[in-house]
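Inside the fold
Residues per chain are reported as follows:
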Amino acid sequence: MSGEDCDGMDRGDNDGPKSDKMFTLKKWNAVAMWSWDVECDTCAICRVQVMDACLRCQGESKKDSYGKQDCVVVWGECNHSFHFCCMSLWVKQNNRCPLCQQEWSIQRMGK
Amino acid sequence: MMSLKPRHVDFQETWANLKETVAGVVGLKAVDRIVWNTRFSDVYALCVAHPEPLADRLYDETRNFLEEHVASLLERVRGSTTLEQSDHNDGLLDRYVSAWREYSQGVAYLNSLYSYLNLQHVKRQKVSDAEIIYGTSATVSCPEQDARQLEVGELGLDIWERVLVRPLSAALTARIVSALHAARDAPPDPRHADIIRQAIQSTVHVRSFRVRSPLALYEQLVLEPFLQAAGEQHARTAAHLLQEGDVAHYMKHVLAGLEREVSLAQRYLPASSREAVRACYERAAVAAHLPALHADVDRLLAEASADDDDAPQRREDLSRMYQLVRPLGPAALRPLVDAALAHAQAHGHALLSSALQHHKDEVHIHFVEAILTLHGKYSKLFNEVFGGAQAFMGALDKACSAVVNSRSGEEACRAPELVARYCDWVLRRRPAAAPLTDVDDKLTAAIVVFKYIDDKDIFQKHYARALARRLIHQLSYSMEQEESMINRLKAACGYEFTNKLHRMFTDVAVSADLNAKFQQYLRDNDLTLNTGFFIQVLQAGAWPLGGPTAPLAPPAALERPAGLFEQFYRSAFSGRRLAWLHHLCTGELRVRYTPRVYHLTASTPQCALLLSLERRDATTLSEARAAAVLPEDSWERHVRPLLDIGLLLPGADPDELLLNLSFSCKRSKLRLCASPGHGAAASPPDPPQHRDDDRKMYLQAAIVRIMKQRKVLRHTELIQEVVQQARGSFAPSVAIIKKCIEALIDKQYLERAPGALDTYSYLA
């Protein structure tokens, strides 16, 4: 069950001297899941889950096979979130958040 | 050199000289060059004579002369033979051919002698090819027969046909036909063969200058009578052959006969007639006896696909039948194709039902191998026997698809699950002692079977679950193989189908990178963990993982690495939420209080429980569970293995758990998380209801996509396009598509186009 773990060499090599412990934890193989920290799972512009690439990117990544997560999420000051690609097209027409009509300004970008 | 100036010419005198030379030329006698030149000028002089050009008169006289000449040739050719008989060796053909050789050559020379007349006088009257073909008001009625003048060479040929061939036509036909018949059985000596060929060739040549139906004479004189006689002869032979022996015997001889007939046509007839000769033979020998041939197809197929000594023989028979029947077109071939389909299908079902009887741990291997056997056997057979013809390969595909997708009773089709399990079996790491050979071949084989599956979406769900299990628990045989399999699936079904699989695969690579960066981060900040740590960070939405991402309180020993990693992750990325999948995490523990050290691999709750016993020997279930914050049923799943191997003992009180201080076990490495895949496999296969909902969503999305692009579309076209798009995932029924269209109309994505019954239009 050990992968090429990175801390490699038994750094907790406390087998010998202080074996007064009943159990020692050698290694923990953890699994975690990440998702964008958003209030709504779908991008209101393209109606695709924000975890998936937006429609436009899906169409394009048919060409280059391994999709790195290029299609990131962007949050506005209003705390609404969209695909960055979708939003950058949207603001060209209308510089307001499609959900709340507030003036759009970027609060942060997903990375 | 004479003058080119028009002058008065005495026709009688000039013609008399000219006529003598013409006779010499046509009779292929020696003509002096000087004489030839003079006569050439005479023709010119007559054509431009003053005061009246004498070209027409010259033309008429020449015609008269040629008619007389050919009439005399006719006498020579006829000789003393009785025209009514048809012995091709009576000399008539010899004489005809020798006269023809002489005359056709002579006329060709004559044509050059008269080239001024041809060029200046006749050409001007000639109608163009286009006029003959498309007709003009003047020439629309029979242009060949009017009083128009021909070039002299053509005139000569025309006269040959009128004066010599017509009276002899029946006699010539009878002799040519009988000579061809004789040549079919025994090739004549080269001289005779040449005579037959030239006689036939003459009927073509005589009309070769005509634009309209140049082959009419040949067809009338040679081809049609020959075909008629041949047809009768073939029918007799065929009937005789059928009486003589079985179908195999019949086909063998008929095929040889066909070859003989084609080569006969090749040797004696113009290339354009070969198809007709072939067709005539096929009509008489194959088409007429098609039912007899078809009646044997089933038996031949059965015997050809058997494994006994006769099979090669039967395959040859079958191959002959295919060669004979194929030229008759798809309709004649249909019974063969149908029989091949039925046969492959029946065989496939037999293979399948015996494969499915195997133990459930092996049934996936037997299933794939059965389909592969079926496919391999019949594609080999059809390639050998039917030359891999499209129709038969199509039948094989149909048969395989029917077998793969067959289901017993109400039960769902098992193919998607079984093929996915087969892939899992191939791609899994296995003990070094029992390596799997030909992994590549096996994956290719899996793809062969996969392509026949209708419910590819179900396959994908099974495959994704197994892939998740392999990736998370690092059970893959090799990552290159995993990637190549995903690429093969992509090649077969497209990007959308493998998108999530790709993302899962990428997550693993990204995670390896992430671990390296995390360790670097620790070093840079002088931080240490109190334990080994390896993490996989998966992206939500791509992995088919059920189970709680619940906030299980990690044991104290794990809090530090978890906390440090979260800190690192937040600094490396932004806008991301991280959730621990504790049911998939494992810890490696050492048991030290026993005489022997045991290595345990345990789930996080198990680790938590054991580590909580560090300072005491007993705890209560409820206390431990409360510490772990887990629901009862999953808690039970985690505690059970500990009790099973005897590391924990139930206390007197049912709530009490005791640590087994005298624990011992034969093996020193113990895996506690019941089965490695337990966590990932926890989400059961989707119930059919769930699956149908997914499909409806898929179809609705497809319909909207299509309509958005096309704006207005007829019902049948829409259905076709949807089926086309869905084919990569599953085979939708028309009824379901209709329901989806209705639903979209209700949701006002579409409307029925006003004024048209079966047309939809898109509502933006």
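Since we're looking at a predicted model, the values are computed, not measured.

**Quick look at the overall build of chain B**
What chain B contains, in helices and strands, is 29 helices and 11 strands. Radius of gyration (C-alpha) of chain B: 46 Å, far over the 27 Å computed for a compact globule of 764 residues. Across its three principal directions, the C-alpha atoms of chain B cover 145 × 65 × 60 Å. Within the span of chain B, comprising 764 residues, buried residues form 48% of the whole. Across chain B, the fraction of contacts at a sequence separation of at least 24, relative to all contacts at a separation of at least 6, is 72%. With 90 positive and 93 negative side-chain charges, chain B shows a spacing of 5 Å between the two charge centroids.

**Some remarks on the interface of chain A and chain B**
The interface of chain A with chain B comprises 43 residues on the first partner and 63 residues on the second. Taking both sides of the interface into account, the surface hidden between chain A and chain B amounts to around 5400 Å²; carbon and sulfur atoms contribute 54%. If you look at where chain A meets chain B, you find two salt bridges. Residues Arg577 of chain B and Asp37 of chain A are paired through a salt bridge, measuring 3.1 Å at the closest nitrogen-oxygen approach.

**Focus: the sheet that holds strand S7 (residues 656-659) of chain B**
Residues and elements named next belong to chain B. Across the sheet, which stays open at both edges, the three strands sit in the order S5-S7-S6 with antiparallel pairing between neighbours. The sheet is open, and its two borders are formed by strand S5 (618-620) and strand S6 (648-650), each paired with just one other strand. On average, adjacent strands in this sheet sit at an angle of 30° to one another, irrespective of strand direction. Looking at chain direction, S5 and S7 are connected through three bridges and run antiparallel. Bridging across to S7, Thr619 finds its partner in Leu657.

**A few points about the nonpolar core**
With 160 residues, the main nonpolar core has Phe392, Phe459, Tyr463, Trp543 and Phe565 of chain B as its most contacted residues. Broken down by element, the residue count for this core peaks at 11 residues, all from helix H16 (residues 363-386) of chain B. Both domain 2 (215-281) and domain 3 (585-682) of chain B contribute no fewer than three residues apiece to this core. Not counting the four nearest positions on each side in its chain, Trp543 of chain B is found in contact with Met33 of chain A together with Ala468, Leu471, Ile472, Met504, Asp507, Val508 and Leu538 of chain B. Residues Leu110, Leu180, Phe226 and Leu264 of chain B belong to the second largest nonpolar core, which totals 74 residues.

**Quick look at the packing of aromatic side chains**
All names here are of chain B. As enumerated under the stated definition, the model contains 32 aromatic pairs over all chains in all. With a centroid separation of 5.6 Å and an interplanar angle of 45°, the aromatic rings of Tyr422 and Trp425 are classed as tilted. On the criterion of helical spacing, the pair formed by Tyr422 and Trp425 is a turn pair, its members being three residues apart in helix H18 (residues 415-427). Given the relative accessible area of 2%, Tyr422 is considered buried. Pairing Phe565 with Phe568 gives two aromatic rings, centres 5.7 Å apart and planes at 55°, and the pair type is tilted. Of the two residues, Phe565 and Phe568 both sit in helix H23 (residues 556-572), three residues apart, roughly one turn of that helix.

**Re the sheet that holds strand S10 (residues 750-752) of chain B**
Residues and elements named next belong to chain B. An order of S9-S11-S10 is seen for the three strands of this open sheet, with the pairing classed as antiparallel. The open sheet is flanked by strand S9 (712-714) and S10, the only strands paired with a single partner. Shown here is a sheet whose adjacent strand axes are inclined to one another by a mean of 30°, direction ignored. In this structure, S10 lies alongside strand S11 (residues 759-762), joined through three bridges in antiparallel fashion. Across the sheet, Arg752 pairs through a bridge with Tyr760, a residue of S11. Sheet strands in contact with helix H28 (residues 715-726) are S9 and S11, and its direction is about 90° off that of S9. Running at roughly 100° to S10, helix H29 (residues 734-746) makes contact with S10 and S11 of the sheet.

**Digging into the state of the cysteines**
All names here are of chain B. One pass over the structure, following the stated rule, counts zero disulfides over all chains. Left without a disulfide partner, Cys493 is nearest to the cysteine sulfur of Cys423, which lies 12 Å away. Overall, the relative accessible area of 16% leaves Cys493 in the buried class.

**Considerations on unusual backbone geometry**
Residues and elements named next belong to chain B. A positive phi angle is found at Asp526, which is not glycine, with a value near 55°. Its location among the elements puts Asp526 in the loop between helix H22 (495-524) and strand S1 (532-539). Judged by relative accessible area, which is 71%, Asp526 ranks as exposed. Here Lys711, not a glycine, exhibits a phi torsion of approximately 65°, which is positive. Note that Lys711 resides in the loop between helix H27 (688-710) and S9. Take Lys711: its relative accessible area is 46%, and that puts it in the partly exposed class.

**Topic: the environment of Leu744 of chain B**
Residues and elements named next belong to chain B. Along the polypeptide, Leu744 turns up in helix H29. On a C-alpha basis, the gap between Leu744 and Ser263 in space is 66 Å, while along the polypeptide they are 481 residues apart. Those residues within four positions of Leu744 in sequence are excluded, and the remaining contacts are Gln700, Ile703, Val704, Tyr749 and Leu750.

**What to know about the pattern of salt bridges**
Opposite charge on two side chains makes pairing possible when the charged atoms of those side chains draw close. All names here are of chain B. One pass over the structure, following the stated rule, counts 39 salt bridges over all chains. Note that Asp361 and Lys360 form a salt bridge whose closest N and O atoms lie 3.9 Å from each other. What you see here is one network of salt bridges that share partners, running through Asp296, Arg299, Glu303, Arg314, Glu316, Asp317 and Arg320.

**Examining a nonpolar patch on the surface**
Side chains of Phe84, Ile106 and Met109 of chain A sit close together on the surface and give an oily, nonpolar patch of about 230 Å² of accessible area. Within the element layout of this structure, Met109 of chain A appears in strand S4 (residues 106-109).

**Points about helix H13 (residues 297-305) of chain B**
Every α-helix winds through 3.6 residues per turn, so residues three or four apart in the chain are directed the same way. Residues and elements named next belong to chain B. Buried within H13 are the following residues: Val297, Leu300, Leu301, Ala304 and Ser305. End-on view of H13: buried residues confined to an arc of 115°, all on one side of the axis. Those residues of H13 hidden inside the fold are in contact with helix H10 (247-268), helix H12 (290-295), helix H14 (311-325), helix H15 (330-355) and H16.

**Topic: empty space enclosed by the protein**
All chains considered together, the criterion is met by one cavity of 30 Å³ or more. Looking at the largest cavity, its volume works out to about 80 Å³. Residue lining of the largest cavity: 11 residues in total, with Asn29 of chain A together with Ile472, Gln474, Gln536 and Thr586 of chain B positioned closest to the centre. Sorting the residues of the lining of the largest cavity by element identifies strand S1 (23-36) of chain A together with S1 of chain B as the ones contributing at least two each. Of all the elements, S1 of chain A adds the most residues to the lining of the largest cavity, at three residues. Across the lining of the largest cavity, the residue classes break down as six nonpolar, five polar and no charged.

**Description of the confidence of the model for chain A**
Residues and elements named next belong to chain A. Taken residue by residue, chain A gives an average pLDDT of 75. The fraction at 70 or more is 72%. Across chain A, the element-wise mean pLDDT spans from 74 in helix H1 (residues 55-60) up to 91 in strand S3 (residues 81-83). Every residue in residues 1-18 is under pLDDT 50, and counting partners more than four places away or in other chains gives 31 contacts. Below a pLDDT of 50 lies the segment residues 62-67, which in the model reaches seven contacts outside its immediate sequence neighbourhood of four places, other chains included.

**Quick word on the pairing of strand S2 (residues 73-76) of chain A**
Residues and elements named next belong to chain A. Burial along S2 is two-sided: the residues Val73 and Trp75 and Val74 and Gly76 are all buried. The pairing of S2 with S3 spans three bridges and is antiparallel. Along S3, the bridge assignment pairs Trp75 with Ser81. Between S2 and the antiparallel strand that follows it, S3, lie four residues; Asn79 among them carries a positive phi value of about 75°.

Thresholds applied
- Residues numbered from 1 in each chain as written.
- Chains lettered and ligands numbered in written order.
- Predicted model: local features only at pLDDT ≥ 70, side-chain atom pairs only at ≥ 80, totals over all residues.
- Heavy atoms only, no water.
- Helix = DSSP H or I, 4+ residues; strand = E, 2+ residues; numbered from the N terminus.
- Rg over C-alpha atoms; globule rule 2.2 N^0.38 Å.
- Buried < 20%, exposed > 50% of the residue type's maximum accessible area, 1.4 Å probe, protein only.
- Contact = heavy atoms within 4.5 Å.
- Lys, Arg positive; Asp, Glu negative; His and termini not counted.
- Charge placed at Lys NZ, Arg CZ, Asp CG, Glu CD.
- Buried area = accessible area lost by both parts, 1.4 Å probe.
- Salt bridge = Lys/Arg side-chain N within 4 Å of Asp/Glu carboxyl O.
- Pairing = 2+ DSSP bridges.
- Axes fitted to C-alpha atoms, helices over the stretch in contact; angles between N-to-C directions.
- Core = buried A, V, L, I, M, F, W, Y, C linked by side-chain atoms within 4.5 Å.
- Domains from an automatic or database assignment.
- Phe/Tyr/Trp six-rings, centres within 6.5 Å; stacked < 30°, edge-to-face > 60°.
- Disulfide = S-S within 2.5 Å.
- Patch = residues over 30% accessible without salt bridge, like charges linked within 9 Å, V, L, I, M, F, W, Y side chains within 5 Å.
- Areas by Shrake-Rupley, 256 points an atom, 1.4 Å probe, with all protein chains shown as cover.
- Arc of directions from axis to C-beta.
- 1 Å grid on protein atoms, 1.4 Å probe; cavity = no way out; pocket = protein on both sides within 12 Å on 5 of 7 lines; lining within 4 Å.
- Points joined across faces, edges and corners; volume = space filled by probe spheres on them.
- Nonpolar A, V, L, I, M, F, W, Y, C, P; charged D, E, K, R; others polar.
- pLDDT = per-residue confidence, 0-100.

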